[in-house]
Amino acid sequence: MSGLKSRIAKLIAADGPISIAQFMTIALHDSHDGYYATRDPFGARGDFITAPEVSQMFGELIGLWLVQCWREQGSPSPARLVELGPGRGTLMADALRAARIVPEFLDAIEIVLVEASPALREIQRERLSGQKIKWIDHFDSETLSGRSLFLIANEFFDALPIRQYVMTERGWCERMVTARDGELEFVLAPVAAAGLDPGKAEIGAVYETSPASNALAEEIARAIAAQGGAALIVDYGHNGGFGDTLQAVAKHKYASILDAPGEADLSAHVDFAALAAAARRGGAKVFGPIGQGSFLTALGLKERARRLILDNPDETKAIEAAIDRLTAGMGTLFKAMALLPQGAGKPAGF
Ligand code: SAH
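Residues numbered from 1 in each chain as written. Predicted model: local features only at pLDDT ≥ 70, side-chain atom pairs only at ≥ 80, totals over all residues. Heavy atoms only, no water.

Peer 1: Go over helix α1 (residues 3–15), please, and point to the residues and values.
Peer 2: With 13 residues, α1 extends 18 Å between its outermost C-alpha atoms, agreeing within 8% with the 18 Å of an ideal straight helix rising 1.5 Å per residue. Burial in α1 covers these residues: Leu4, Lys5, Ile8, Ala9 and Ile12. With its buried residues spanning 140° around the axis, α1 presents them on a single face. Away from the buried face of α1 by more than 90 degrees, exposed residues Lys10, Ala13 and Ala14 are located. Residues of α1 that are buried sit in contact with β1 (18–19), α2 (20–29), β7 (171–180) and β8 (183–188). With its phi angle positive at about 95°, Gly16 sits one or two positions after the end of α1. (Helix = DSSP H or I, 4+ residues; strand = E, 2+ residues; numbered from the N terminus. Expected span 1.5 Å × (residues − 1). Buried < 20%, exposed > 50% of the residue type's maximum accessible area, 1.4 Å probe, protein only. Arc of directions from axis to C-beta. Contact = heavy atoms within 4.5 Å.)

Spelled out as C-alpha cells, the structure:
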C-alpha cells in the first residue's frame with residue numbers, strides 16, 4: 001500500500017470521512033507524496049500531454065493575444081503578466097518569445113508564476129532562465145494589486161478540488177471518501193447537504209461544484225475590473241449540468257481514483273457556467289466559452305503553421321499533426337473563456 005494511502009486511511013480513522021475536495025488536495029499536493037509535489041507529469045513518457053507541449057504555436061498565439069489585449073487597453077505600464085499552474089514553463093516561454101515583436105510590452109510587465117509544486121518550479125526556473133520571474137504559491141489579490149493584470153491559466157482549473165453531491169430520496173448527499181481495512185472507498189453522507197439547490201435532478205444524479213475554482217475566478221475578475229487587464233482560461237469542461245467527471249490519469253490511461261493516491265493525476269471537468277457566473281459577480285465582462293479549435297483558428301493557427309512549415313519543411317508532418325490535435329482532437333471539449341473589464345470590446349478569437 002502506498003504511504004500516502006495509509007496516511008489518508010489513518011486520518012479518516014481518526015477524524016471520519018473526508019470530502020473529495022480534501023482527498024484531491026492531499027493526493028495532489030501532499031508535500032512528501034503528492035502527485036504534483038513530487039514529479040514532472042508531462043510529455044510522452046509522463047502521464048499526460050497538454051496543448052503547449054503539443055506545439056509551440058499554442059503559447060505563441062496566446063502571447064500575441066495577451067499583447068493585443070494590453071494594447072487595446074492603452075498599453076498600461078507597469079502591468080503584470082501572471083500564469084496559473086505553468087507546468088514546465090513551455091507556454092510562458094513561447095508566449096514571451098512571440099511577444100518580442102512588441103518590446104514595450106515586455107518592458108512593462110512583471111512576470112508572476114503561481115505554482116504550488118517545488119519540483120515544477122525548478123523546471124520552470126530552468127526553462128525560463130534569463131527572465132526575471134517572481135513565484136508565489138497561490139493567487140492572492142494583495143500581491144497582485146496595483147497593476148493591470150494579464151493572466152493565463154491553461155489546464156489549471158481542472159486540477160482544483162471539487163465536491164460531489166448525489167441525489168437521493170433524502171436530497172443531495174455529499175459523496176465522501178472513507179476507509180475500510182486500509183482501502184479507501186466512496187460513501188454518501190447520511191444527511192442531505194443543507195441549502196444546496198442546483199436544480200431538478202433524478203435519483204442518482206451527480207452534482208459537482210468547485211468552490212475553490214469559483215472563488216478564484218471571482219477574485220481574478222475583481223482584480224481585472226478594478227485595475228484593468230485580461231484573463232484567458234483554457235481547459236476541458238462543460239457549460240453547467242449534472243454528471244460525475246472526476247478522473248484519475250496515469251501513463252496516458254484512466255486509472256483508479258482511490259487505489260494509489262499521489263501516483264495518478266486527479267482532475268475534473270471545469271464548469272465554465274459556474275466560473276462565468278463567479279467572474280460576473282467579481283465585476284468582469286465574460287467572453288465565451290468557445291471551443292479551443294475555433295479560438296485558435298480565429299487567432300491564426302493555420303497562418304502561423306504555414307510560416308513554421310516554410311522555416312522547417314522537415315517538420316511538415318509533425319506540424320500538421322499538431323494542428324489536428326489542437327483543433328479537431330481537443331477542439332470542443334477544450335474551451336477558452338476570457339474575462340475583461342466592463343468597458344472592453346470583444347477580444348481577438350471570440
Ligand atoms: N499549464 C501547464 C500545466 C497544467 S498542469 C500546461 O498547460 O502544460 C497543472 C499545473 O497547475 C501544474 O503546474 C501544477 O503543479 C499546478 N497546480 C495545480 N494545483 C495548484 C494549486 N492549487 N496551486 C498552484 N498551482 C497548482
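Peer 1: Lay out the packing of aromatic side chains with the relevant residues and their values.
Peer 2: A full pass over the atoms with the stated rule returns 10 aromatic pairs. Site record: aromatic cluster; members linked through ring pairs are Tyr165, Trp172, Tyr207 and Phe242. Positioned over the ring face of Trp135 is Arg125, at 4.7 Å from the centre of the ring. If you follow Arg175 out to its NZ or CZ, it ends over the ring of Phe186, 4.1 Å from the centre. (Phe/Tyr/Trp six-rings, centres within 6.5 Å; stacked < 30°, edge-to-face > 60°. Lys NZ or Arg CZ within 6 Å of the ring centre and 35° of its normal.)

Peer 1: Can you break down the sheet that holds strand β12 (residues 253–255) residue by residue, with the values?
Peer 2: Reading across the sheet, the 3 strands line up as β12-β11-β13 and stay open at both edges, with antiparallel pairing between neighbours. One side of each edge strand has no neighbouring strand; the edge strands of this open sheet are β12 and β13 (265–267). Each strand of the sheet is rotated relative to its neighbour by a mean of 40°, with strand direction disregarded. Alignment of strand β11 (residues 247–250) against β12, held across 3 bridges, turns out to be antiparallel. Across the sheet, the residue bridging to Val249 is Tyr254, located in β12. (Pairing = 2+ DSSP bridges. Axes fitted to C-alpha atoms, helices over the stretch in contact; angles between N-to-C directions.)

Peer 1: Explain the pattern of salt bridges to me, using residue names and the numbers behind them.
Peer 2: Scanning the entire structure with this criterion turns up 17 salt bridges. A salt bridge links Asp47 to Lys251; the nearest nitrogen and oxygen atoms lie 3.8 Å apart. Separated by 204 residues along the polypeptide, Asp47 in the loop between α3 (35–38) and α4 (51–54) and Lys251 in the loop between β11 and β12 bring together distant segments of the chain. Classification of Asp47 as buried rests on a relative accessible area of 3%. In this structure Lys251 comes out as exposed when scored by relative accessible area, which is 57%. The partner of Arg222 in a salt bridge is Glu218, with the nearest N and O atoms 2.8 Å apart. Placement of the pair is Arg222 and Glu218 together in helix α9 (residues 211–227), with a separation of 4 residues, close to one helical turn. (Salt bridge = Lys/Arg side-chain N within 4 Å of Asp/Glu carboxyl O.)

Peer 1: Lay out the environment of Gln22 in plain terms, naming residues and giving numbers.
Peer 2: Mapped onto the secondary structure, Gln22 falls in helix α2. Residues Gln22 and Arg163, 141 residues apart in the sequence, show an inter-C-alpha distance of 8.8 Å.

Peer 1: So what's going on with the pairing of strand β3 (residues 109–114)? Residues and values would help.
Peer 2: In terms of residue burial, β3 counts as a mostly covered element, since 5 of its 6 residues are buried. Looking at chain direction, strand β2 (residues 79–84) and β3 are connected through 6 bridges and run parallel. Opposite Val82, over in β3, you have Val112 as the bridge partner. Pairing between β3 and strand β4 (residues 133–136): 4 bridges, direction parallel. Within the sheet, the bridge partner assigned to Ile111 lies in β4 and is Ile133.

Peer 1: Quick rundown of the site of the ligand? Include the residues and the values.
Peer 2: Every one of the 19 residues lining the ligand counts as a neighbour, but Thr50, Gly85, Gly87, Glu115 and Asn154 are closest to it. Between the ligand and Thr50 there is a distance of 2.5 Å, counted from an oxygen atom to a side-chain nitrogen or oxygen. For the ligand, a nitrogen atom lies 3.2 Å from a polar atom in the backbone of Ala116. The residue inventory of the shell around the ligand, partitioned by class, reads 9 nonpolar, 6 polar and 4 charged. (Near = heavy atom within 4 Å. Polar contact = N/O pair within 3.5 Å; in protein donor to acceptor, adjacent residues only side chain to side chain. Nonpolar A, V, L, I, M, F, W, Y, C, P; charged D, E, K, R; others polar.)

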